[in-house]
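Remarks on the overall topology
Read off the chains here:
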Amino acid sequence: MTLPGEEGRPTLYDWAGGIEALGRMIHVFYDRVEADELLSPVFGGAVTAEHRDHVIAWWSEVFGGPTRYTDELGGYPHMVAKHRDLSITAAQRHRFAALMSLAADDAGLPADPEFRAALVGYLEWGTRLAMANSQPGADVVPDAPVPRWGWGVAPPWIAEDS
Ligand code: HEM
């Protein structure tokens, strides 16, 4: 599926380097989480291989890659249920977003401003939703499609005569 307005552009998934590159980012990220005093307790001190695998599938699908999270891993309702009642604090959310941005550097993801703006845009949106949905008594949307993220207003530059 091509997102409206994104015709002729590569997906963020392909631009990132596919599942290998996103997998590197997620593993580096959770290694950092396990060593982080604010985040480690939220994950019970360790992030399992299964959790890492599922989150790699999530990011791949959001960025326009294979739809395994929807097809095999419970889709959006499963993801939302995992965040309920975690009571994520503003400091934890901010640390989560900061560590993912660092992990993108560590994992050698493309460093062009356009790709990183798209990645951080999704990260900011997703972490704020996760924090809101994690509060006790939150009015959560229980079912929705897995989101699809695109380049938005800053796609890669392609000269008109090329
Ligand atoms: C862009 C933001 C985020 C994304 C894309 C995301 C993605 C996910 C996904 C896909 C799962 C379910 C994995 C599965 O299917 O087993 C999950 C679970 C979880 N997430 Fe997030 N998450 C985000 C933000 C956060 C934040 C900000 C925190 C806490 C600071 C957090 C903590 C957790 C925890 C503790 C679990 C459950 C682990 C378990 O018990 O299995 N997430 N997340």
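Throughout what follows, the structure given in this document is the object of discussion. (Residues numbered from 1 in each chain as written. Predicted model: local features only at pLDDT ≥ 70, side-chain atom pairs only at ≥ 80, totals over all residues. Heavy atoms only, no water.)

What surrounds the ligand is a group of 20 residues, the closest being H54, Y69, H78, K82 and H83. Taking H78, its side chain carries an N or O atom lying 3.5 Å from an oxygen atom of the ligand. At 2.9 Å, a side-chain N or O of H83 approaches a nitrogen atom of the ligand. For the shell around the ligand, the secondary structure elements donating two or more residues are α3 (49-62), α5 (75-83) and α7 (113-133). When residues in the shell around the ligand are grouped by element, the largest group, five residues, is from α3. (Near = heavy atom within 4 Å. Polar contact = N/O pair within 3.5 Å; in protein donor to acceptor, adjacent residues only side chain to side chain. Helix = DSSP H or I, 4+ residues; strand = E, 2+ residues; numbered from the N terminus.)

So, about the side chain of R52. One can find R52 in helix α3. Its relative accessible area of 8% is what places R52 among the buried residues. Of the polar contacts made by the side chain of R52, one reaches the side chain of H27; its length is 3.2 Å. Residues within four places of R52 in sequence aside, it is in contact with I26, H27, Y30, D31, E34 and V47. (Buried < 20%, exposed > 50% of the residue type's maximum accessible area, 1.4 Å probe, protein only. Contact = heavy atoms within 4.5 Å.)

So, on to α7. Spanning 21 residues, α7 covers 30 Å between terminal C-alpha atoms, matching the ideal 30 Å at 1.5 Å per step. Within the span of α7, buried status applies to F115, R116, A118, L119, Y122, L123, G126, T127, A130, M131 and N133. (Expected span 1.5 Å × (residues − 1).)

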